[in-house]
Amino acid sequence: MNLRLEYSHRGVPLIEVTSDIDAGGILNVSAVDKSTGKQNKITNDKGRLSKEDIERMVQEADQYKVEDEQQRENIAAKNALESYAFVRVCHPFSLMLSSIVP
């Protein structure tokens, strides 16, 4: 984003503001006063995870991937069993119709 104020009245500063987000998601904003040449830069990189933290989290995710998949399969099987039991107990007539009507 590039904001340029082309016209200014006497005593009003002419300021160019530039913002940029890099590949890492870090926001850089700079402002330049065209009349005086004074500039200010701000980088928003506080509160971000370090590369070591990110690498540790990726390794933990890989470590628990198999356990997560097993848990997902267990939950799906339990849900299927509960659905079957509910239909069997609460709607026995619908099971008879499903076996007769294709």
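Our subject is the structure listed above.
Let me sum up the structure you'll find in this document. (Residues numbered from 1 in each chain as written. Predicted model: local features only at pLDDT ≥ 70, side-chain atom pairs only at ≥ 80, totals over all residues. Heavy atoms only, no water.)

Before going further, it helps to examine the side chain of Asp33. By the element assignment, Asp33 lies in strand E3 (residues 27–33). Buried charge without a partner: Asp33 forms no salt bridge, and the closest opposite charge is Lys38, 7.5 Å away. Residues within four places of Asp33 in sequence aside, it is in contact with Pro13, Leu14, Ile15 and Lys38. (Helix = DSSP H or I, 4+ residues; strand = E, 2+ residues; numbered from the N terminus. Buried < 20%, exposed > 50% of the residue type's maximum accessible area, 1.4 Å probe, protein only. Lys, Arg positive; Asp, Glu negative; His and termini not counted. Salt bridge = Lys/Arg side-chain N within 4 Å of Asp/Glu carboxyl O. Contact = heavy atoms within 4.5 Å.)

All right, on to the pairing of strand E4 (residues 39–44) then. Of all six residues that make up E4, zero are buried, and the element is exposed over most of its length. Here E3 runs beside E4; their pairing, made up of six bridges, is antiparallel. By the bridge assignment, Asn28 is partnered in E4 with Thr43. Taken together, E3 and the strand that follows it, E4, pair antiparallel across an intervening segment of five residues, in which Gly37 is found at a positive phi of about 80°. (Pairing = 2+ DSSP bridges.)

As judged from the seven bridges shared by strand E2 (residues 15–21) and E3, these two strands associate in the antiparallel manner. Looking at the pairing, Thr18 lines up with Ser30 of E3. In this structure, the hairpin formed by E2 and E3 is closed by a connection of five residues, where Gly25 is found at a positive phi of approximately 85°.

Attention now moves to the pattern of salt bridges. Pairing is possible between side chains that carry opposite charge, provided their charged atoms lie close to one another. Overall, the coordinates contain four salt bridges when judged by the stated rule. Note that Arg56 and Glu60 form a salt bridge whose closest N and O atoms lie 3.3 Å from each other. Of this pair, Arg56 and Glu60 both sit in helix H1 (residues 51–90), separated by four residues, roughly a single helical turn. A residue is classified by how much of its surface remains accessible, and Arg56, at 39% relative accessible area, is partly exposed. For Glu60, a relative accessible area of 33% gives the class partly exposed.

This part takes up a nonpolar patch on the surface. Judged by side-chain polarity, Leu49, Ile54, Met57 and Val58 come together as a nonpolar surface patch covering roughly 350 Å² of accessible area. Here Met57 shows up in helix H1. For Met57, a relative accessible area of 41% corresponds to the partly exposed category. (Patch = residues over 30% accessible without salt bridge, like charges linked within 9 Å, V, L, I, M, F, W, Y side chains within 5 Å. Areas by Shrake-Rupley, 256 points an atom, 1.4 Å probe, with all protein chains shown as cover.)

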